[in-house]
Amino acid sequence: RKEVEQDPGPFNVPEGATVAFNCTYSNSASQSFFWYRQDCRKEPKLLMSVYSSGNEDGRFTAQLNRASQYISLLIRDSKLSDSATYLCVVNPRGTYKYIFGTGTRLKVLA
Amino acid sequence: GAGVSQTPSNKVTEKGKYVELRCDPISGHTALYWYRQSLGQGPEFLIYFQGTGAADDSGLPNDRFFAVRPEGSVSTLKIQRTERGDSAVYLCASSRTGGESIGELFFGEGSRLTVL
């Protein structure tokens, strides 16, 4: 089983739609969680950190469920510019690694 | 420069050759990471430096791979006897802090390695 698992997609959604991605992680001792965004043939960039209480940044909402070991990303009112791959990232406790998932590809259609 | 700089941006080599990839992190960032990304996959952890020392090299796939950071700034990833399976984009990232505090990773644009 992979340490971090994501549905690779692609998710094709119309502009204005709400879309949600989930990510599961295997190490229950993981302590830090993030979503990174990666545009085609570009480097990953931090989208948002994920806190235990959940957090929101504009149209983006991230949630953490420690009991079920998954994190989610919700994007409201999708824009064409949201088209990218969204990478789930986990930091296991006691390590300095950032473990990346395969990524979920999103395509927002006009 | 303002960001993480990686050279070369593209490298084509023949099977069996030796390759060096260079990373110049953001000034003042003590933590430096190397990742490898194949098409359709997420970045795969290779090695982490805190200062000059390799704090975690558990991701290096075999002893053909080696990385150094002699002065705690620039790092070089070295690949001996390259194989076709080594073809990938090699990403370097730096972070302001390491140790117990996990911070944002800033990635370079990567070095695309093709082994023929």
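Look a little higher up for the structure.
Just so it is clear, the model here is predicted, and its values are computed rather than measured.

1. Some words on the sheet that holds strand β7 (residues 60–65) of chain A
Residue and element names in this part refer to chain A.
- In spatial order, the strands read β1-β3-β8-β7-β6; together these five strands make up an open sheet with antiparallel pairing. The strands lining the two open edges of the sheet, one partner per strand, are β1 (4–6) and β6 (55–57). Pairs of neighbouring strands in the sheet enclose a mean axial angle of 20 degrees, with direction left out of account.
- Bridge count between β7 and strand β8 (residues 70–75): six bridges; the pairing is antiparallel. The residue of β8 that forms the bridge with F60 is I75.

2. Points about the state of the cysteines
- In this structure the tally under the stated criterion is two disulfides over all chains.
- Two residues share a disulfide in this structure: A:C23 and A:C88, whose sulfurs sit 1.9 Å from each other. Residues A:C23 and A:C88 are joined by a disulfide whose S-S torsion is about -70 degrees; by sign, that bridge is left-handed. Residue A:C23 is found in strand β3 (residues 19–25), and its partner A:C88 is found in strand β9 (residues 84–92); the two are separated by 65 residues along the sequence. Assigned by exposure class, A:C23 and A:C88 land together as buried.
- B:C23 shares a disulfide with B:C92; S-S distance 1.9 Å. The disulfide joining B:C23 to B:C92 has a torsion of about -65 degrees about its S-S bond and is therefore left-handed. Linking B:C23 in strand β3 (residues 19–24) with B:C92 in strand β9 (residues 88–95), this pair joins segments that are 69 residues apart in sequence. Of the two residues examined, B:C23 and B:C92, each falls in the buried class.

3. A look at the environment of A:T104
All names here are of chain A.
- Structurally, the position occupied by T104 is in strand β11 (residues 104–109).
- Exposure remark for T104: the relative accessible area of 1% places this residue in the buried category.
- Taking C-alpha positions, T104 is 6.7 Å from P10, a pair spaced 94 residues apart along the chain.
- In this structure, T104 is in contact with Q6, D7, P8, F11, F21, A84, T85 and Y86, ignoring residues within four places of it in sequence.
- A distance of 3.3 Å separates polar atoms of two side chains, one belonging to T104 and the other to Q6.

About the thresholds
Residues numbered from 1 in each chain as written. Chains lettered and ligands numbered in written order. Predicted model: local features only at pLDDT ≥ 70, side-chain atom pairs only at ≥ 80, totals over all residues. Heavy atoms only, no water. Pairing = 2+ DSSP bridges. Helix = DSSP H or I, 4+ residues; strand = E, 2+ residues; numbered from the N terminus. Axes fitted to C-alpha atoms, helices over the stretch in contact; angles between N-to-C directions. Disulfide = S-S within 2.5 Å. Buried < 20%, exposed > 50% of the residue type's maximum accessible area, 1.4 Å probe, protein only. Contact = heavy atoms within 4.5 Å. Polar contact = N/O pair within 3.5 Å; in protein donor to acceptor, adjacent residues only side chain to side chain.

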